[in-house]
Structures are given as C-alpha cells and as structure tokens.
Amino acid sequence: MPTPLVKIREIIKDIRFDARVGKMPKAVLKRIVSCMECVGDGRVQGMICYPLPYILLLAFLAVLSGAEHWTDMQDFSSAYKKKLNGIFPQYKSVAVPSHDTFRRVFGIISTEELQGATSAFLVQEISQMKKALGIEDDGLRHLGLDGKEQKGTGRKYGTDQKVANLQTLHCYDISNGICLHSKPIDGKTNEIPVAQQLLAAMNLKNCVVTFDALNTQRGTVDVIAGGGGHYVGGLKGNHQLFHDEVALFFSDEELANIRKKGKYFRSYTEKAHNRIEKRSYYMTTDIKWFADLHKWAGLKAFICYVVETEDLVSGKKTKELRYYIASLADIELCSDAIRSHWGIENQLHWHLDVTFSEDDNTTMDKNAFNNLSIMNKMALSLLKLIQPAHKAGIRRIRRKFGWDLTGHLTQLLNLLDEDQIEQALLNSL
C-alpha cells in the first residue's frame, strides 16, 4: 500500500502546479519563523548581536540552497542580504553573521530543542498538506530505528588522542519522510538504552516499529508493546540460540509447506541494472514451541526472508536467508515493513552522506554538527515534497534554490499553503 508521502508526490506530479506565480504566503513564512523561535537561546543576554531566529533562518535557507559548511552560510547570507531584507524585514538592520558565529551558535543551542521544533513543524505542514489533498491516514504508520556514523567528526587538534566519530540514532517516519528524532550516542554499545528511552517517550499507537538485530531486545519490545505499537525486528547472532532455533524451524521442508499453503508466503521479483533479485517472505504463527515466548511481549510470528540474486553479466548467483520476529501475524504488513525499513538508509542516510556531503564535514564540535545535520534533515523532507514538480534530483533542486532563492522559496511555501494547493487542483481539472 502506498505511503502518505508517496501519495503526496504522485498527486503533486500529476497536477499543473505553478506556484511561482504570486506573492509568498506570509502565513507559511510566519510558521517557519515560529519554528525557529521555539529554540532556546543559551547565549549571554545583553551581549547578543544576532537574534537566534535570524541565524537559524539564514542557516536553513542556506542549506536549502546548497550550503554544506559554515563558510557557505556566511557567503550565502552576504550574497542574498538585500533579497532577505525583503523577505524578512524585521531583520533588515542586522548584519550578516560570520562563519564562526554560525558554528559557535550551533554549538550552543540544544539539539533536542532544535529537533523538536523542526520535526513538529514538518509534522504539522505535512498533515495540512494531506488534508488539502484529501489523503487519509489509513493503515499503520511505519517508524524505523537505525544508527548512523558521521565519518568526518572523529578529530581533535593538539593531541594524538583517538576520538570516535559521532554516532547518531535516528527515528525516521518512513511513511511521511520525516526524521522525528536524532539522538547522539556514545557508540554502538549505548544505542540500545537510548533507543528504549526514545521509544518510551513516543506515542506508538497505530505504529509499526522496525529495527535491526542490535535493537532486538526484550526491553525494546516491552516498550513498544507497552506503548500500544507493533514491531518487526531482525534476528542475528547477538541472540545466537534464539536465531539458531528459528533458523532450524525454517527447514527446506517447512519453507516448501508454507509456500504451498500460500497464506503466509509472498514473493516479488525485480530486474534492474543487469541484475535479477527475488525476495521471498515466509511467515509462521506456529511459535508455541519457543521456550522463551512469554519473555517477548506481543510476539506472534517468525519470518524467514530469502533474497536470491543473479548477475546477468557474470552469471553469479547468491542466496541469503534472514530471520525476523514480529508482533503482527499479517504477511503483507510484515513484508512491506521489512522491505521499507531500508528507506531509512536510502531515503535518509544516503542523502545525508551524498546529497548533503555530511561525511566530508570535519566539524569537531559534535553538538554543532548534530544541529547542522538536523537542518539538513528538515531541508531534505521539504525538498522531497517539492521534487515531483521539478522532476530532478535533490542536489539539483538545491542548486536551483541557490540560483533563484525567491522564486523557488515561493514555490515551496505555496506548496505548503492549503489555498494554493486547492487552486492548483482546480487548475488541473
């Protein structure tokens, strides 16, 4: 079943949406400013030259327009100072901050506050957009948990001390294309309790949470089930006995039996880039034999996921079996969840690394880097919404913003305005 994000993109692609005509919607601009004003300013009052919302707005617009480093933000702000005065006249008398000011301020502000403000803004905007387009939230919302390493952050001047790269745990709303939480963690060993704390603070009703084997823990599923949510989690060697028991159950004979009955079997074949990939999902709800069943809250099914590939050039064939636990006894929902979980990699992590060049950013202040990354994620979510109107990649759209900020910002803001969407729908009839 298509996600709300896919439905939005499909509608936007098919309507005649020329939002560059007309003035910028002031109501949407005010919502962006309000979003930035929700972040607390930890600087010494009375010694502030640049209002925090002004710095955050400049940074956000710079990121939309292709900025990747603090110097880019300064250069962008200098180049667009006159145009920005027309967009935000309340900041007309404020000078352009230096790159050091951008970096220093991003190192001071709270990551949690900035993440909360930006994710709340995105949730509100996408909710209003779905309402204007007549898209209803049916089915379960899919949340993915996964950690990411920032490869350029492990440096420290003046010492030979080894500094670990920044690790960030993401909770990504795959259904709507929003990164809801970005939680810094000390390392992979610390991800488990951080994930549990994060999930415990969320409303998980009508949600299915997917995670890799690291977070397949009894404490994690306790939190999800206790919060009214569902889960599908990977099973590997960190629970060796559990993994081996499930793998032993899914013998060739059992797989053939499941495939023959059909109810708990799904298979899909795709061909692309001179390669054929066949994905088969086998589910069983016959799990009473599992001795520790009572220890895993809500557990209802085991899944064997078989991936078979064939390279059409070399003829090389591969076959891999993966195992999952699930609190859902629905093969359609679970197979979609397993497949879609990789959205956190190709819809979020890949773009952060490639489109926003985060791996090339060598900022040593990890709080500053984390806050910059949050700005990147906010921009990414909005650019994905506008992408069908451009029929271009995200990186190319960012360049377009840099070349014509006023025009493309107006287009983006109009896309977030219900009246403009309704008019565009009428024009497409």
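A. Molecular detail of the overall build of the protein chain. The number of helices and strands found in the protein chain is 17 helices and nine strands. In summary, the protein chain has a C-alpha radius of gyration of 24 Å against a globular reference of 22 Å for 429 residues, a match within 12%. Overall, the protein chain is about 75 × 65 × 50 Å in size when its C-alpha atoms are taken along their principal axes. Counted over contacts in the protein chain with a minimum sequence separation of 6, partners at least 24 positions apart contribute 67%. As presented, the protein chain carries roughly 20,100 Å² of accessible surface, and 50% of it is formed by carbon and sulfur atoms.

B. Representation of the side chain of Gln 387. Position of Gln 387 among the secondary structure elements: in helix α14 (residues 366-390). Apart from the residues lying within four places of it in its own chain, the contact partners of Gln 387 are Arg 9, Ala 392, Gly 393, Ile 394 and Ile 397.

C. Quick look at the sheet that holds strand β6 (residues 265-272). Read from one edge of the open sheet, nine strands run β3-β2-β1-β4-β5-β9-β8-β7-β6, paired in mixed fashion. In this open sheet, the two strands that pair with only one neighbour each are β3 (178-185) and β6. Across this sheet, the average inter-strand angle for adjacent strands is 20 degrees, counted without regard to direction. Where strand β5 (residues 230-235) and strand β9 (residues 317-326) come together, four bridges link them in antiparallel fashion.

D. The side chain of Gln 411, seen in detail. Among the secondary structure elements, Gln 411 is positioned in helix α16 (residues 405-415). Taking the relative accessible area as the measure of exposure, Gln 411 reaches 7% and is therefore buried. Here the side chain of Gln 411 touches His 390 through a polar contact of 2.8 Å, side chain to side chain.

E. Broad picture of the packing of aromatic side chains. Evaluation of the coordinates by the stated rule reveals 17 aromatic pairs. Each ring, one from Phe 250 and one from Tyr 323, has its centre 6.2 Å from the other, and the planes form 20 degrees; the classification is stacked. In this pair, Phe 250 sits in the loop between α10 (240-249) and α11 (252-261) while Tyr 323 sits in strand β9, placing the two residues 73 residues apart along the sequence. Judged by relative accessible area, Phe 250 falls into the buried class, the value being 3%.

F. The arrangement of unusual backbone geometry in detail. Within the chain, Asn 274 stands out as a residue other than glycine whose phi angle is a positive 55 degrees. Positive phi outside glycine occurs at Ser 357, with the angle close to 55 degrees. Positionally, Ser 357 belongs in the loop between α13 (343-355) and α14.

G. Focus on the packing of helix α8 (residues 191-200) against helix α9 (residues 218-226). The interhelical angle for the contact between α8 and α9, taken along N-to-C directions, is 5 degrees, at an axis separation of 9 Å. The angle between α8 and α9 places the two elements in the roughly parallel class. Residue-level contacts link Gln 196, Leu 199 and Ala 200 of α8 to Gly 219, Thr 220, Val 223 and Ile 224 of α9. Class assignment for the residues of the contact of α8 with α9 results in four nonpolar, three polar and no charged.

H. Quick peek at the pairing of strand β2 (residues 166-173). Of all eight residues in β2, eight are buried; the element is thus mostly enclosed. Two elements, strand β1 (residues 141-150) and β2, share eight bridges in a ladder whose sense is antiparallel. By the bridge assignment, Asp 146 is partnered in β2 with His 170. Pairing between β2 and β3: seven bridges, direction antiparallel. Across the sheet, the residue bridging to Leu 169 is Lys 183, located in β3. Connecting β2 to the next strand, β3, in antiparallel fashion are four residues, including Gly 177 with a positive phi near 70 degrees.

I. Broad picture of helix α15 (residues 394-403). Along α15, the residues classified as buried are Ile 394, Ile 397, Arg 398, Lys 400 and Phe 401. The buried residues of α15 occupy one face: seen down the axis, they fall within an arc of 155 degrees. Looking at the buried positions of α15, the neighbouring elements they touch are α3 (52-64), α13, α14 and α16.

J. Examining the packing of helix α1 (residues 4-14) against helix α7 (residues 111-133) more closely. Taken N-terminus to C-terminus, the directions of α1 and α7 make an angle of 55 degrees; their axes are 11 Å apart at the nearest point. Taken together, the axis directions place α1 and α7 in an arrangement best described as oblique. As for the relative orientation of α1 and α7, their crossing is left-handed in sense. Counting all contacts with α1, which are made through Pro 4, Ile 8 and Ile 11, the residues of α7 involved are Ile 126, Met 129, Lys 130 and Leu 133.

K. Focus on the confidence of the model for the protein chain. Across the protein chain, the average pLDDT comes to 90, with 93% of residues at or above 70. Mean pLDDT across the elements of the protein chain bottoms out in helix α17 (residues 418-427) (72) and peaks in β5 (98).

L. Structural detail: the pairing of strand β7 (residues 275-284). Counted residue by residue, β7 has seven buried out of 10 residues, so it is predominantly covered. Summarising the sheet, β6 and β7 pair through eight bridges and their orientation is antiparallel. Directly across from Ser 267, in β7, lies its bridge partner Ser 280. Counting the residues that bridge the hairpin from β6 to β7 gives two residues, and of these His 273 lies at a positive phi of roughly 55 degrees. Pairing geometry for β7 and strand β8 (residues 301-311), over 10 bridges, is antiparallel. Within β8, the residue paired with Tyr 282 across the bridge is Cys 304.

Conventions and cut-offs
- Within every chain, residues take consecutive numbers counted from 1 along the sequence as written.
- Where local features are concerned, this predicted model is filtered to residues with pLDDT of at least 70; where side-chain atom pairs are given and counted, the filter is 80 or more; whole-chain, interface and lining totals use all residues.
- Note that the side-chain values use all heavy atoms of the structure and ignore hydrogens as well as water.
- Strands here are runs of E lasting at least two residues and helices are runs of H or I lasting at least four, both read from the DSSP assignment and numbered beginning at the N terminus.
- Radius of gyration: C-alpha atoms only; globule rule: 2.2 Å multiplied by the number of residues to the exponent 0.38.
- The contact criterion used is simple: two residues touch if any of their non-hydrogen atoms lie within 4.5 Å.
- Note on areas: Shrake-Rupley, 1.4 Å probe, and residue coverage restricted to the protein chains presented here.
- When DSSP finds at least two bridges between two strands, those strands are taken to pair.
- For helices, the fitted axis covers only the stretch in contact; all axes are lines through C-alpha atoms, and the angles between them, taken along N-to-C directions, range from 0 to 180 degrees.
- Here's how the labels work: a residue is buried when its accessible area is under 20% of the maximum for its type, exposed when over 50%, partly exposed in between, all with a 1.4 Å probe on protein chains only.
- Contacts described as polar in this section are N or O atom pairs within 3.5 Å, which, within protein, must combine one atom able to donate a hydrogen with one able to accept it, while residues neighboring in sequence count only if both atoms come from side chains.
- Any two of the Phe, Tyr and Trp rings considered here, Trp counted by its six-membered ring, make a pair once their centres fall within 6.5 Å; the pair's planes then place it as stacked at under 30 degrees, edge-to-face at over 60, or tilted in between.
- Roughly parallel means an angle under 35 degrees; roughly antiparallel means over 145; roughly perpendicular covers 65 to 115; every other angle is labelled oblique.
- Just so you know the grouping, Ala, Val, Leu, Ile, Met, Phe, Trp, Tyr, Cys and Pro go in nonpolar, Asp, Glu, Lys and Arg go in charged, and all remaining residues, Gly too, go in polar.
- What the arc covers is the set of directions going from the helix axis to the C-beta atoms.
- With the far helix as reference, a near helix turned anticlockwise by less than a right angle produces a left-handed crossing, and one turned clockwise produces a right-handed crossing.
- Per-residue confidence from the prediction method is given by pLDDT, with values spanning 0 to 100.

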